[in-house]
Amino acid sequence: MKSFNDSAQLLLIAGFAIGVGIVVITVMLNNVIYASNMASESSIDTSRHDIANAVQTTTEAYQDAYRYSNGGTYGDYENYIDSYSKKALQNYATAGFTFHLQNHQYSEPYFTQNGLAEGKSNWTLVSNVNTTEVLFITPNTSVMGNESNPLVIEAVNSSGSSLWLMRMYNTSGTINITVIVSSSAPSYRNVTAVTPMEINVTGNQINGVGVPSFNYPTSAGQDYSINIYNGNTTAGMCTISGNLTSGQPFTIMRHYVANPTLRMSSSQMSIDRTVPIILPGGVS
């Protein structure tokens with residue numbers, strides 16, 4: 001009888017030991033998996049941070065290069081970008097990254113959000129506007145849609161109502177400009193195509209010559225947004241400045257677009273990213 005009790009006790013002790021062992025192994029395995037995941041996520045987050053930082057600094061470098069070259073001396077612009085690329089290569093090497101910048105000669109932008117022909121064509125140029133002091137547009141008349149695909153620039157109030165709208169399109173070399181202020185009649189139309197065609201909306205001029213008023217509401221007595229539609233049908237430049245409803249002045253200058261490619265790699269990742277950059281820059 002005593003021998004049977006001893007065997008039962010040994011079996012109980014052995015079962016308990018096995019159970020404890022399983023628990024210990026499970027806890028250790030979970031800790032290993034958790035530590036591995038944390039290290040992996042940390043590496044991913046670090047890589048994402050480095051990539052985002054590279055995109056931001058590259059964008060700023062291109063915009064600074066354009067300003068440094070006074071918006072016209074391409075040799076100075078290229079030298080600035082080359083200097084930035086070499087410095088970035090050195091800096092990222094200390095963090096374990098290879099960095100390569102494939103430069104891209106800037107070109108005339110489309111009226112899309114990112115300036116490229118395949119960019120977002122219906123978008124908001126600026127929101128929460130109180131007054132617009134300058135609205136200057138230089139559309140490329142040779143790259144302009146027809147009547148079924150006009151470039152549209154519209155001022156819209158916070159409730160979604162149109163305050164002012166300009167529609168432009170090319171018909172066999174003649175640029176048709178239609179302006180609609182609420183429900184009023186169009187104020188200007190049919191201009192012979194020339195490139196560049198400089199349209200000073202707030203100054204009521206085309207190529208420096210006075211025209212019938214565009215009736216743009218420089219101060220609408222309410223906050224509004226300026227929207228662009230069919231921006232992929234027309235290339236060209238624009239400058240707009242004024243004041244936001246917060247009282248802060250703003251300036252948007254879309255003269256050119258660059259489209260460089262960043263190549264970054266490390267032991268954990270490798271990525272190529274093309275970065276459309278508006279020159280000289282967005283809202284400031």
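Structure shown above.
If you're wondering where the values come from, they're calculated on a predicted model, not measured in any experiment.

Basis of the calculations
- Residues numbered from 1 in each chain as written.
- Predicted model: local features only at pLDDT ≥ 70, side-chain atom pairs only at ≥ 80, totals over all residues.
- Heavy atoms only, no water.
- Helix = DSSP H or I, 4+ residues; strand = E, 2+ residues; numbered from the N terminus.
- Buried < 20%, exposed > 50% of the residue type's maximum accessible area, 1.4 Å probe, protein only.
- Contact = heavy atoms within 4.5 Å.
- Areas by Shrake-Rupley, 256 points an atom, 1.4 Å probe, with all protein chains shown as cover.
- Phe/Tyr/Trp six-rings, centres within 6.5 Å; stacked < 30°, edge-to-face > 60°.
- Salt bridge = Lys/Arg side-chain N within 4 Å of Asp/Glu carboxyl O.
- Expected span 1.5 Å × (residues − 1).
- Arc of directions from axis to C-beta.
- Core = buried A, V, L, I, M, F, W, Y, C linked by side-chain atoms within 4.5 Å.
- Pairing = 2+ DSSP bridges.
- Axes fitted to C-alpha atoms, helices over the stretch in contact; angles between N-to-C directions.

**Student:** What am I meant to see in the overall build of the chain here?
**Tutor:** On a plain count of helices and strands, the chain comes out with two helices and 15 strands. Looking at the chain as a whole, 39% of its 284 residues are labelled buried. A fraction of 64% describes how many contacts in the chain between residues 6 or more apart in sequence connect residues 24 or more apart. Taken as a whole, the chain presents about 15200 Å² of accessible surface, with 53% of it coming from carbon and sulfur.

**Student:** What is the right way to read the packing of aromatic side chains from this model?
**Tutor:** Within the structure shown, the criterion is met by 11 aromatic pairs. Taken together, a centroid distance of 4.6 Å and an interplanar angle of 40 degrees make the contact between tyrosine 106 and tyrosine 256 tilted. One end of the pair, tyrosine 106, is in the loop between strand 1 (98-102) and strand 2 (123-139); the other, tyrosine 256, is in strand 12 (residues 249-258), with 150 residues separating them in the sequence. Ring pairing ties together the aromatic residues Tyr62, Tyr66, Tyr77, Tyr106 and Tyr256, which thus form one cluster.

**Student:** What am I meant to see in the pattern of salt bridges here?
**Tutor:** Opposite charge on two side chains permits them to pair, given that their charged atoms come into close proximity. On inspection of all chains with the given rule, the structure shows three salt bridges. Residue aspartate 64 is joined to arginine 67 by a salt bridge in which the shortest nitrogen-to-oxygen separation is 3.5 Å. Here the residue aspartate 64 and the residue arginine 67 both occupy positions in helix 1 (residues 2-68), the gap between them amounting to three residues, near one helical turn. Judged by its relative accessible area of 34%, aspartate 64 is partly exposed. Look at arginine 67 and you get partly exposed, because its relative accessible area is 46%. The residue aspartate 82 makes a salt bridge to lysine 86 at a minimum N-O spacing of 3.3 Å.

**Student:** Help me understand helix 2 (residues 74-93) in this model?
**Tutor:** The periodicity of an α-helix, 3.6 residues per turn, causes residues three or four positions apart to be oriented the same way. Across its 20 residues, helix 2 extends 29 Å between first and last C-alpha, which sits within 8% of the 28 Å expected from 1.5 Å per residue. Turning to helix 2, its buried residues are Tyr74, Tyr77, Ile81, Tyr84, Ser85, Ala88 and Tyr92. What you see down the axis of helix 2 is that its buried residues fit within an arc of 105 degrees, all on one side. Exposed side of helix 2, more than 90 degrees from the buried face: Asn79 and Lys86 are the residues found there.

**Student:** I would appreciate a short explanation of the nonpolar core in the present structure.
**Tutor:** The tendency in soluble globular proteins is for nonpolar side chains to be buried side by side. In terms of nonpolar packing, the biggest core is built from 35 residues, with Met166, Ile177, Ile199 and Phe214 touching the most fellow members. Those elements that place two or more of their residues in this core are strand 2, strand 3 (151-157), strand 4 (162-171), strand 5 (174-180), strand 10 (219-229), strand 11 (236-244) and strand 12. Dropping the residues within four chain positions of it, methionine 166 is found in contact with Ile137, Leu151, Val152, Ile153, Ile177, Thr178, Val179, Ile199, Val201 and Phe214.

**Student:** Please explain the pairing of strand 14 (residues 270-274) as it appears in this structure.
**Tutor:** One face of the sheet, then the other: side chains in a regular strand alternate in exactly this way. Taken together, the five bridges between strand 13 (residues 261-265) and strand 14 define a ladder with antiparallel strand orientation. Counterpart to methionine 264 in the pairing with strand 14 is isoleucine 271. The hairpin formed by strand 13 and strand 14 contains four residues between the paired strands.

**Student:** Could you clarify how one ought to interpret unusual backbone geometry in this entry?
**Tutor:** Apart from glycine, the bulk of residues carry a negative phi angle, and the bulk of peptide bonds sit in the trans form. With an omega of 0 degrees, the peptide bond between threonine 195 and proline 196 qualifies as cis. Along the polypeptide, proline 196 turns up in the loop between strand 6 (191-192) and strand 7 (199-200). In this structure, serine 172 takes a positive phi of about 50 degrees despite not being glycine. Mapped onto the secondary structure, serine 172 falls in the loop between strand 4 and strand 5. Judged by its relative accessible area of 79%, serine 172 falls in the exposed class. A positive phi angle, close to 65 degrees, is found at asparagine 190, a residue other than glycine. Since its relative accessible area comes to 45%, asparagine 190 is described here as partly exposed.

**Student:** Can you walk me through the sheet that holds strand 13 in this structure?
**Tutor:** For sheets, the rule is that strands pair by backbone hydrogen bonds, running either parallel or antiparallel. Sheet architecture is open: three strands sit in the order 1-13-14, paired in antiparallel fashion. The open sheet terminates on both sides in strands that have one partner only, identified here as strand 1 and strand 14. Neighbour-to-neighbour, the strand axes of the sheet open up by a mean angle of 10 degrees, direction not taken into account.

So yeah, pure geometry; function would need other evidence.
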